[in-house]
Amino acid sequence: QTYKLSTMSRLITLALLKADVAAMPHKINQVNHILRQNNLRILARKKFTPNPTTNQMIDNFYSEHEGKFFHRRLVEYMKSGPFEAVVLGAENESDDAIQKWRELIGGARIYQKGELAEDDSILPELRTLHGISDTRNGFHGSDAPETAKTEMSKLGFNYRQILSEHKENLDFNREFLYI
């Protein structure tokens, strides 16, 4: 079956597990479990450790926010420890990976949520669970197909290659296990 790029463009997205999350294997395992539960599959994954090359990548990744009040704090936070970039794919053609991942992580302003839901069956968003502040919120998710494409490129992923191999990779159900 052949897919047009425009049809598939919302089937993949970029997710970042920022320093506070990426430094703790049990948090990564929890995120991996939540991804599986929500029919999102890991198509590609890279771990970045602090070094001059990574620092330049971070500066480039967040350059659009330069001059905004949070820019310096965000860049320093990202440079403070390892982080992971993960390309996620929607398991079903009808799913929107961008929307699904952004719903799972929740809004950037974690303290606007107030109290956690009283209904125990409703899981809090990942940023509410793992975020420390609005800047140190633990996660990032691309907001649109073009943004995902640009952000993946900034971190060294080949967007077109991942997109063209999308169905094949999902059929193999690639999962990563951290020990």
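Residues numbered from 1 in each chain as written. Predicted model: local features only at pLDDT ≥ 70, side-chain atom pairs only at ≥ 80, totals over all residues. Heavy atoms only, no water.

1. Notes on the pairing of strand β1 (residues 12–17)
We apply this condition: A simple rule labels every residue: compare its accessible area, found with a 1.4 Å probe on the protein chains alone, to the largest value its type can have, and call it buried under 20%, exposed over 50%, or partly exposed in between. Helix numbering and strand numbering both begin at the N terminus, where a helix is a DSSP run of H or I of at least 4 residues and a strand a DSSP run of E of at least 2. Think of it this way: DSSP has to see at least two bridges between two strands before they count as a pair.
Most of β1 sits inside the fold, with six of its six residues counted as buried. Every second residue of β1 is oriented toward a common face, with I12, L14 and L16 on one face and T13, A15 and L17 on the other, all of them buried. Of the pairings in the sheet, the one linking β1 to strand β3 (residues 83–90) comprises six bridges and is antiparallel in character. Its bridge partner being in β3, L17 is matched across the sheet by E84. Here β1 pairs with strand β4 (residues 139–141) via three bridges, running antiparallel. Residue pairing in the sheet places A15 in a bridge with G141 of β4.

2. Topic: the environment of D143
Let me state the cut-off plainly: N or O atoms closer than or at 3.5 Å make up a polar contact, with two conditions inside protein: a donor-capable atom paired with an acceptor-capable one, and, for residues adjacent in sequence, both atoms drawn from side chains.
Within the secondary structure layout, D143 lies in the loop between β4 and α8 (145–154). Separated by 130 residues in sequence, D143 and T13 have C-alpha atoms that sit 8.5 Å apart. Among the polar contacts listed, one links the side chain of D143 to the side chain of T147, at a separation of 2.7 Å.

3. Observations regarding the pattern of salt bridges
Our working rule: The working definition used for a salt bridge is a side-chain nitrogen of Lys or Arg within 4 Å of a carboxyl oxygen of Asp or Glu.
In this structure the tally under the stated criterion is five salt bridges. E84 is the salt-bridge partner of R45, the closest N and O atoms lying 2.6 Å from each other. Of this pair, R45 sits in strand β2 (residues 40–48) while E84 sits in strand β3; the two residues are 39 residues apart in sequence, bridging distant segments of the chain. In terms of burial, R45 and E84 fall into one category: buried.

4. Here we look at the sheet that holds β4
Formally: Axis lines are fitted through C-alpha atoms, for helices just across the contact stretch, and the angle between N-to-C directions can take any value from 0 to 180 degrees. The contact rule is simple, with two residues in contact once any of their heavy atoms fall within 4.5 Å.
Pairing within the open sheet is antiparallel, and its four strands lie in the order β2-β3-β1-β4. Only two strands of the sheet have a single partner each, and these edge strands are β2 and β4. Neighbour-to-neighbour, the strand axes of the sheet open up by a mean angle of 20°, direction not taken into account. Sitting on the sheet, helix α3 (residues 25–37) touches β1, β2, β3 and β4, and the angle it makes with β2 is about 155°.

5. Things to note about the nonpolar core
The line we're drawing: Buried residues of nine kinds, namely Ala, Val, Leu, Ile, Met, Phe, Trp, Tyr and Cys, make up a nonpolar core once their side-chain atoms join them within 4.5 Å.
Counting 24 residues, the largest nonpolar core has L14, L16, V87, L155 and F157 as the members making the most contacts within it. Every element with two or more residues in this core is listed here: β1, β2, α4 (52–61), α5 (71–78), β3, α8 and α9 (159–164). Among the elements that take part in this core, α5 stands out by supplying four residues, more than any other. Residue contacts for L155: discarding those within four places in its chain leaves L14, L16, K46, F48, M57, F61, F83 and A85. I34, L88, A97 and F139 belong to the second-largest nonpolar core, a separate cluster that totals 19 residues.

6. Focus: the confidence of the model for the chain
Under the convention used in this document: Along the chain, pLDDT gives the predictor's confidence residue by residue, from 0 to 100.
When the pLDDT values of the chain are averaged, the result is 82; 74% of them are 70 or greater. Confidence, expressed as mean pLDDT per element, reaches its minimum in the chain at helix α1 (residues 5–8) with 46 and its maximum at α4 with 97. Confidence drops under a pLDDT of 50 for residues 1–7, and excluding neighbours within four residues, the segment shows six contacts in the predicted structure.

7. Notes on the side chain of D95
With respect to the secondary-structure elements, D95 resides in the loop between β3 and α6 (97–105). Within the structure, the side chain of D95 is placed 3.3 Å from the side chain of K100, a separation counted as a polar contact. When neighbours within four sequence positions are excluded, D95 is seen to be in contact with R10, L11, N39, A90 and K100.

8. Section: the pairing of β2
Burial runs high along β2: seven of the nine residues are buried. Pairing analysis gives eight bridges linking β2 to β3, with the strands arranged antiparallel. The partner of R41 across the bridge, within β3, is G89.

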